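Chain by chain, the residues:
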Amino acid sequence: MESLGSFLPFIAIFAVMYFFMIAPQMKRSKQEKKFAAELKRGDRVVTKSGMHGKISELNEKDNSCVIETLAGKIKFDRSAISMEMSNKLNAPATKK
């Protein structure tokens with residue numbers, strides 16, 4: 001019984017780490033994969049580096065997309081597109 005009591009703090013620490021760190025990260029990763037899979041031509045996006053543009057082509061073979069910017073067309077990996085910033089960019093304007 002004493003040996004179980006000595007392991008209880010370690011089990012509690014692992015449970016807290018799982019619920020506050022690991023589970024939210026897994027949920028976020030799943031949402032980002034879903035977002036990247038649902039991208040379509042004409043979507044306005046922002047890359048993680050801050051480049052704004054519109055998707056002009058999607059390539060399923062190498063999981064990339066071509067983004068049309070004011071400077072021209074640039075090829076990016078789908079994982080380089082920021083989910084949060086793109087959702088804010090495409091969100092309807094709210095009245096105050």
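Structural data are supplied above this passage.
Everything numeric in this text was worked out from a predicted model, so none of it was measured.

Here's the deal with the overall build of the chain
Next up, step 1: Helix and strand content of the chain: two helices and four strands.
Next up, step 2: Scanning the chain from its N terminus toward the C terminus, one meets helices and strands in the order α-β-β-β-β-α.
Next up, step 3: Taken against the 2.2 N^0.38 rule, which gives 12 Å for 96 residues, the C-alpha radius of gyration of the chain at 20 Å runs more than 25% over that of a compact globule.
Next up, step 4: In terms of overall dimensions, the chain has C-alpha extents of about 70 × 45 × 20 Å along its principal axes.
Next up, step 5: Split into buried and exposed, the 96 residues of the chain put 22% on the buried side.
Next up, step 6: Sequence separation of 24 or more characterises 33% of the internal contacts of the chain that already satisfy a separation of 6 or more.
Next up, step 7: For the chain, the accessible area works out to roughly 7800 Å², and carbon and sulfur atoms hold 62% of it.
Next up, step 8: Each charge class in the chain was averaged separately, 17 positive and 10 negative side chains, and the resulting centres sit 7 Å apart.

Structural notes on the sheet that holds strand β4 (residues 72-77)
Next up, step 1: Read from one edge of the open sheet, four strands run β1-β2-β3-β4, paired in antiparallel fashion. At either end of the open sheet lies a strand with only one pairing partner, and these are β1 (44-46) and β4. Here the strands of the sheet are splayed against their neighbours by 45° on average, with no regard to which way each runs.
Next up, step 2: Relative to strand β2 (residues 52-59), β1 is paired through three bridges, and the arrangement is antiparallel. Directly across from Val-46, in β2, lies its bridge partner His-52.

Focus: the pairing of β4
Next up, step 1: For strand β3 (residues 64-69) and β4, the ladder comprises six bridges, and the chain directions are antiparallel. If you follow Glu-68 over to β4, its bridge partner there is Lys-73.
Next up, step 2: Between β3 and β4, which pair antiparallel in sequence order, lie two residues.

Examining the pattern of salt bridges
Next up, step 1: Enumeration over the complete set of coordinates arrives at four salt bridges.
Next up, step 2: With a shortest N-O distance of 3.5 Å, Arg-28 and Glu-32 are connected by a salt bridge. In this pair, Arg-28 and Glu-32 are both assigned in helix α1 (residues 2-37), four residues apart and thus about one turn of the helix distant.
Next up, step 3: Accessibility expressed as a relative area gives 28% for Glu-32, which makes it partly exposed.
Next up, step 4: Among the salt bridges present, the one from Lys-75 reaches Asp-62, with a minimum N-O distance of 3.1 Å. You can see Lys-75 sitting in strand β4 and its partner Asp-62 sitting in the loop between β2 and β3, a full 13 residues away along the chain.
Next up, step 5: For Lys-75, a relative accessible area of 52% corresponds to the exposed category.

Section: the pairing of β2
Next up, step 1: Between β1 and β2, which pair antiparallel in sequence order, lie five residues; one of them, Gly-50, sits at a positive phi of approximately 100°.
Next up, step 2: Summarising the sheet, β2 and β3 pair through five bridges and their orientation is antiparallel. Bridging from a neighbouring strand, Leu-58 pairs with Cys-65 of β3.

With respect to the nonpolar core
Inside soluble globular proteins, nonpolar side chains tend to come together where they are buried.
Next up, step 1: Core analysis: the largest hydrophobic core is formed by nine residues, namely Phe-35, Leu-39, Val-45, Ile-55, Cys-65, Ile-67, Phe-76, Ile-81 and Met-83.
Next up, step 2: Filtering out sequence-adjacent residues up to four positions away, Leu-39 remains in contact with Val-45, Ile-55, Leu-58 and Ile-81.

Reading the values: rules and limits
- Residue positions are given per chain, counted from 1 along the sequence in the order it is written.
- Totals for whole chains, interfaces and linings use every residue, but because this is a predicted model, local features are given only for residues with pLDDT of at least 70 and side-chain atom pairs only at 80 or more, for both listing and counting.
- Only hydrogens and water are removed before side-chain values are computed, so all heavy atoms of the structure are retained for them.
- A run of DSSP states H or I qualifies as a helix once it reaches four residues; a run of E qualifies as a strand once it reaches two. Both are numbered from the N-terminal end.
- Restricting the calculation to C-alpha atoms gives the radius of gyration, and the globule rule supplies 2.2 Å times the number of residues raised to the power 0.38.
- Accessible area is worked out with a 1.4 Å probe on protein chains only. A residue is then buried under 20% of its type maximum, exposed over 50%, and partly exposed in between.
- Between two residues, a contact is recorded if the distance between any of their heavy atoms is within 4.5 Å.
- Using a 1.4 Å probe, accessible areas were evaluated by the Shrake-Rupley method; residue-level cover was limited to the displayed protein chains.
- Positive charges are assigned to Lys and Arg, negative charges to Asp and Glu, while His and the chain termini are left out of the count.
- A charge is said to be at NZ when it belongs to Lys, at CZ for Arg, at CG for Asp and at CD for Glu.
- A pair of strands counts as paired when DSSP detects no fewer than two bridges linking them.
- The axes are straight lines fitted to the C-alpha atoms, using for helices just the contacting stretch, and the angles between their N-to-C directions are given from 0 to 180°.
- What makes a salt bridge here is a side-chain nitrogen of Lys or Arg within 4 Å of a carboxyl oxygen of Asp or Glu, nothing more.
- Take the buried residues of types Ala, Val, Leu, Ile, Met, Phe, Trp, Tyr and Cys, join any two whose side-chain atoms come within 4.5 Å, and each joined set is a nonpolar core.

Scope: geometric values only; no functional claims are made or implied.
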